[in-house]
Amino acid sequence: MNLPFPAIFIMFIISIPSSIAAAGVGVDAISRLIEIQDRERASPSVQEAAARGVLLRLLPSHSSSFHFQIISKEYISILLFLPIEGTTGVDIVSGLHWYLKHWCGSHISWDKTGGSQLFSVPDTGFLPRIPHSAGVSVQRPIPWSYYQNAVTSSYSFAWWDWERWEKEIDWMALQGVNLPLAFTGQEAIWQKVFQEKFNMSISDLDDFFGGPAFLAWSRMGNLHGWGGPLPQSWFDNQLILQKKILARMYELGMTPVLPAFSGNVPAALKYIFPSAKITRLGNWFSVKNDLKWCCTYLLDATDSLFIEIGKAFIEKQLQEYGRTSHIYNCDTFDENTPPIDDPEYISSLGAAIFKGLQSGDDEAVWLMQGWLFSYDPFWRPPQMKALLHSVPVGKLVVLDLFAEVKPIWVTSEQFYGVPYIWKVGVGMSMEGIEQNPIVYDLMSEMAFQHKKIDVKAWVDLYSTRRYGQSLPLIQKGWNVLYHTIYNCTDGAYDKNRDVIVAFPDVDPSLISVQHDQSHHYDRPSATFIKETTDTFDRPHLWYSTSEVIYALELFITSGDELSRSKAYRYDLVDLTRQVLAKYANELFSEVIEAYKSQDLHRMTLLSQRFLDLVEDLDTLLACHDGFLLGPWLESAKQLAQNEEQERQFEWNARTQITMWFDNTKEEASLLRDYGNKYWSGLLHDYYGPRAAIYFKYLRESLERDEDFKLIEWRREWINLTNEWQKSRNIFPVESKGDALITSRWLFNKYLNLTNPETKLIQE
């Protein structure tokens, strides 16, 4: 029998298993919401067409090889030779990915982390058949797959255009994501609401919004005005972009989560409504409590104006977008502590927030980040219960954001009966993306797994899929690494606080060396700082460095067979970078030891060695597009309408990854280096020169037999930073150099103890 498509049948179904559905009233309410969303979803033909669009963009050569079909959840008849079927467009696309991944050995990643490996997919007509007469049925154990953190919009999405967003939505669908945040363009909605409903002028709002790279924190009420004001073209273009984003998400059957009013208001509101209960919040990481940027205004949720604004915002979104998925994110207490800890007061706040939502949408469900419960001691059980139970059960869903480290559901009786992600969904809530692709590959697959995964076996398959071939040495290398793949999933910053990208702003006399010879080169393995007001998070090794060096050696040995793979080159650069970053930590500790021993010659030698290593790392990072500074800056400038905007947007982009927030001439930002990046150009142009200034003052201190001039160091470093943030020099947007050759060279130079030159460097 000749078929227009191969015998591929993968049935993806969203449903709540009976074990979860029986969990109580909260999940029953979620079931009802899902039923409403199913009725309001785009038609089957629209979702099928959207799924075909993903296929055309991903694998155009096979556009006629697959047939997609939307089915109802009640569908039970399964016949041989049916197409890929699912209950939504996302499920269909997930089914396509499942087939490509598990039957064709392909791999799908972001462009920056190596891109998609699809050359293992056979030609049309030779695709593998599913070896089951009735096909394969894949069911989600829980209904939602959540994606994003409230700050991902600034750390990763800040400068995206529609072309980049389209790729991301395709990636979401392929990974099975059906509950993404959709925060783009909300400033335009706020502008319309405050102008049309609350008598504010455009100038009244200039100081309310942050700049393009800092909108996430402006939205959360942490800061105001920093990096702004926003030009009108930004409001207009971002709203257009949001409409495209939402249209595509709805076409694929996703449930985009829209923002809601959290109480954050412009300063002008207190003059327009003088009787309103408006509080000025405390300082949020600004130097000297600078009111120009910090201490935003919060409207008390018990004020009648709160519900009015909340309703107006929901209604304006519905008017602009034409529809809603009924789920709204609101985090009124994110890094902002309520003024009173009385449970009754907390309950009234929560009830008012929800009433504002419900006034604009009868079916509204409040999605709240649970981050506040993990760090703020204010939230003891009575206060936590009061907030969670202030809303009808099932009308509030909590994101247990830090569950992989500090799960709140364990210590709160599963959020006291309130539905939460991971009970009604799984999620990925990183602060930044386009890094550590293995974690995202595994985590997205967990949305469809019913049993515990054998991670070691999974990693073996991962390396084969990612590079398109199976090599024993590379699999061995991944096996050495696999126990560390869960760490450092946060792309906004490096939790290890490596010295290169998070240089210590302290007097060297406060830096001590901790001797631990179990991990690295039989030398001091870490640096730590004595308790002081000028703190520095010491570099931390959570793995055996010798094992990672061995894994790198295995990766390099496999290079001749894999060097054509962009994914391999990304992994090789990233692994080499990681090892040498830890080596730099060791070098720095030796610089400090030499300084404290008053060994000027040795300190000078080691300081130069550190700076040489920074330059070598910059050369390494230049070998892959995923580690370049240029694209970040150029994408910011491309959204500008004129020269003035170009300067503003580029300053935003440069500032976020360096000083981050405000500073004085002698006091650095409290958030300095929070958004640090290992990017070629940034090491050469900023991190290296900054370290050189510090080493200069170390050398002068010994030469003159004087104390370290901490204030002078700060002045010069802060001036370097401020000038760099304002500068306009151009950086490459395309990689140069051979990753394998460069990695081999650096391994032999710094790590290969059989090399006489390496021994000289080590000694």
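Residues numbered from 1 in each chain as written. Predicted model: local features only at pLDDT ≥ 70, side-chain atom pairs only at ≥ 80, totals over all residues. Heavy atoms only, no water.

Caption draft 1: Expanded view of unusual backbone geometry. Between Gly228 and the following residue, Pro229, the backbone shows a cis peptide bond with an omega angle of 0°. Along the chain, the position of Pro229 falls in the loop between α9 (215-219) and α10 (232-251). A positive phi angle, near 60°, is found at Phe285, a position not held by glycine. You can see Phe285 is positioned in the loop between β9 (278-280) and β10 (297-299). Here Phe285 falls in the partly exposed class, since its relative accessible area comes to 36%. The phi dihedral of Asp705 is positive, around 55°, even though this residue is not glycine. Locating Asp705 in the fold gives a position in the loop between α27 (682-703) and α28 (710-726). Judged by relative accessible area, Asp705 falls into the exposed class, the value being 65%. (Helix = DSSP H or I, 4+ residues; strand = E, 2+ residues; numbered from the N terminus. Buried < 20%, exposed > 50% of the residue type's maximum accessible area, 1.4 Å probe, protein only.)

Caption draft 2: Fine view of the sheet that holds strand β13 (residues 396-399). The parallel open sheet is built from five strands, whose spatial order is β7-β11-β12-β13-β14. Strands with a single pairing partner mark the edges of an open sheet, and in this sheet they are β7 (258-259) and β14 (420-421). Looking at chain direction, strand β11 (residues 327-329) and strand β12 (residues 365-369) are connected through three bridges and run parallel. In the sheet register, Tyr328 faces β12, and the bridge partner there is Trp366. (Pairing = 2+ DSSP bridges.)

Caption draft 3: Focus on helix α23 (residues 566-596). With 31 residues, α23 extends 45 Å between its outermost C-alpha atoms, agreeing within 8% with the 45 Å of an ideal straight helix rising 1.5 Å per residue. Among the 31 residues in α23, 27 count as buried, and that is most of the element. Two or three places before Ala567, at the opening of α23, Ser565 has a side-chain oxygen 3.3 Å from that residue's backbone nitrogen. Among the residues trailing α23, Gln598 stands out with phi positive, at a value near 60°. (Expected span 1.5 Å × (residues − 1). Polar contact = N/O pair within 3.5 Å; in protein donor to acceptor, adjacent residues only side chain to side chain.)

Caption draft 4: Molecular detail of the pattern of salt bridges. If you walk through the whole model with that rule in mind, you get 41 salt bridges. Here Arg57 and Glu166 are joined by a salt bridge, their closest N and O atoms 3.5 Å apart. Note that Arg57 is positioned in helix α3 (residues 44-58) and Glu166 in helix α6 (residues 162-175), a separation of 109 residues in sequence. Arg57 gets classed as partly exposed once you look at its relative accessible area, which sits at 35%. (Salt bridge = Lys/Arg side-chain N within 4 Å of Asp/Glu carboxyl O.)

Caption draft 5: Focus on the sheet that holds β10. Strand order in the open sheet formed by three strands is β8-β10-β9, with antiparallel pairing between adjacent strands. The sheet terminates laterally at β8 (264-265) and β9, the two strands that pair on one side only. Direction of pairing for β8 relative to β10: antiparallel, over a ladder of two bridges. Directly across from Asn264, in β10, lies its bridge partner Leu298.

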